[in-house]
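Listed below are the residues making up each chain.
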Amino acid sequence: MFSSPVAGGAGTLVSSTAAGNPRSAYNAATSATGRFVAFEIAAGNLNFAKRYGQIHVNLHDAATGKTEAIDGPVVKPGYSRSAFNPSLSDDGRELAFSAVGVHGNTVIWVRHADTKATGIVTPRPQGAPPGDAYGGCLSGDGRRLVFTWVPRDGSRSHVYRTNLTTGEATLVDRADGANGAVANGPSSQPASSTDGRFVAFSSSARNLGAGSRGVRVYVRDIQTGATTTISNAADGSGFEPAISADGARVAYTSARGGRSRVVLFDGATGQTTAVTDGRGISFDPSLSGDGTRIAFASNRRDLASTRSTGARSVYVRDVRTGRTALISGGPAAK
């Protein structure tokens, strides 16, 4: 796992590999300044460790060079001991991650850097069937967490937002209106604005505003109750939304016909801009707080002035200049 400056320069290794003891690192999350990097790490073959290795979360502090292992507090015979899917607040003082809870289901824990206290923040929402909490994403201010509740009885999943101070859970995937109809299809992949007011998510529900079949991206304004459809049927299914700090811009993956591209929606203008075209597979966008830069992965090798030599690369698109920079293109990239 490397941390690389967007402006250019060599990346910094943040996940070390012990001699004779292979490790694989995945799924990084960073604080706003880049000082803190949280990531998954697992023992085993470098390519397939997550399939059979025990997964941990590590937290790296670039200022001190120290890396700390973070594990779920619950250790019981027969329970999973993995911790995964880290999310950091902007200042890096709060770290959310998934791990098993006291009843054996998957929950989301939040660890506070100052006190080292770790607590469950996703008890079963009121009225929801027994299930598991996945995809936890902290708001930038560290006061709220959005997540997906997946019932174990096979019923549809829903997106919730939890206030970490009061413990109040709010159902997010509703149709337009303060008490809009609950989504009639599965919803998931939530992302939060800095203050938690705006939540972007994906859903295959047909009663949220899109109406047509397929997965769409929506944004819910928790304060006003407005639900806005971001993606449309013509662009294919919408996944993996990322939202700017103020909730005004949303980047997401649009997939159709075995190919995918990254798209940016600007709420101020109502316009949608393609960051990549329909060739190849581009996915997993991450949006800067001000909504002007989009990092994403792609199997395309020709998206920047520096051609990638890797099978899969990381790029950053500057919306203001239209320039796309290669950040990671494999060990032989020049």
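Scroll up to find the structure.
A few points on the structure. Not measured: the values here are computed from a predicted model.

Definitions and limits used
- What you see as residue numbers is a count from 1 along each chain, following the sequence as written.
- Predicted model: local features are reported for residues with pLDDT of at least 70 only, side-chain atom pairs are reported and counted for 80 or more only, and whole-chain, interface and lining totals are derived from all residues.
- Only hydrogens and water are removed before side-chain values are computed, so all heavy atoms of the structure are retained for them.
- A run of DSSP states H or I qualifies as a helix once it reaches four residues; a run of E qualifies as a strand once it reaches two. Both are numbered from the N-terminal end.
- Under the scheme applied here, a residue whose accessible area is under 20% of the maximum for its type counts as buried, over 50% as exposed, and between as partly exposed, the area being computed with a 1.4 Å probe on protein chains only.
- Any two residues whose heavy atoms approach within 4.5 Å are treated as being in contact.
- Note that accessible areas follow from Shrake-Rupley with a 1.4 Å probe, and for residues the cover is restricted to the protein chains shown.
- One requirement defines pairing of two strands: DSSP has to find at least two bridges between them.
- Lines are fitted to the C-alpha atoms to define the axes, a helix being fitted only along its stretch in contact, and any angle between axes, read from their N-to-C directions, falls within 0 to 180 degrees.
- Nonpolar cores are built from buried Ala, Val, Leu, Ile, Met, Phe, Trp, Tyr and Cys residues. Side-chain atoms within 4.5 Å join them into one set.
- Here, a salt bridge means any Lys or Arg side-chain nitrogen found within 4 Å of an Asp or Glu carboxyl oxygen.

Concerning the overall build of the protein chain
Right, on to step 1. Within the protein chain, the secondary structure is distributed over one helix and 26 strands.
Right, on to step 2. Looking at the protein chain residue by residue over its 334 residues, the buried ones come to 46%.
Right, on to step 3. Long-range pairs, those at least 24 residues apart, make up 36% of the contacts in the protein chain between residues at least 6 apart in sequence.
Right, on to step 4. For the protein chain, the accessible area works out to roughly 15900 Å², and carbon and sulfur atoms hold 49% of it.

So, the sheet that holds strand 8 (residues 94–100)
Right, on to step 1. The strand order 7-8-9-10 describes an open sheet built from four strands, whose pairing is antiparallel. The open sheet is flanked by strand 7 (83–88) and strand 10 (118–120), the only strands paired with a single partner. Each strand axis lies, on average, 25 degrees off the axis of its neighbour in the sheet, ignoring direction.
Right, on to step 2. In this structure, strand 8 lies alongside strand 9 (residues 106–112), joined through seven bridges in antiparallel fashion. What sits directly across from Phe 97, in strand 9, is Trp 109.

What about the nonpolar core?
Right, on to step 1. Val 57, Leu 59, Ile 70, Leu 88, Leu 95, Phe 97 and Trp 109 are the most contacted members of the largest nonpolar core, which totals 14 residues.
Right, on to step 2. Of all elements in the fold, only strand 4 (36–43), strand 5 (55–61), strand 7, strand 8 and strand 9 reach the threshold of two or more residues within this core.

Thoughts on the pattern of salt bridges
Right, on to step 1. Counted according to the given criterion, the structure contains 12 salt bridges.
Right, on to step 2. Taking the shortest distance from any N to any O, the salt bridge between Arg 111 and Glu 68 comes out at 2.7 Å. One end of the pair, Arg 111, is in strand 9; the other, Glu 68, is in strand 6 (residues 66–70), and 43 residues separate them in sequence.
Right, on to step 3. Residue classification places Arg 111 among the buried residues on the basis of a relative accessible area of 8%.

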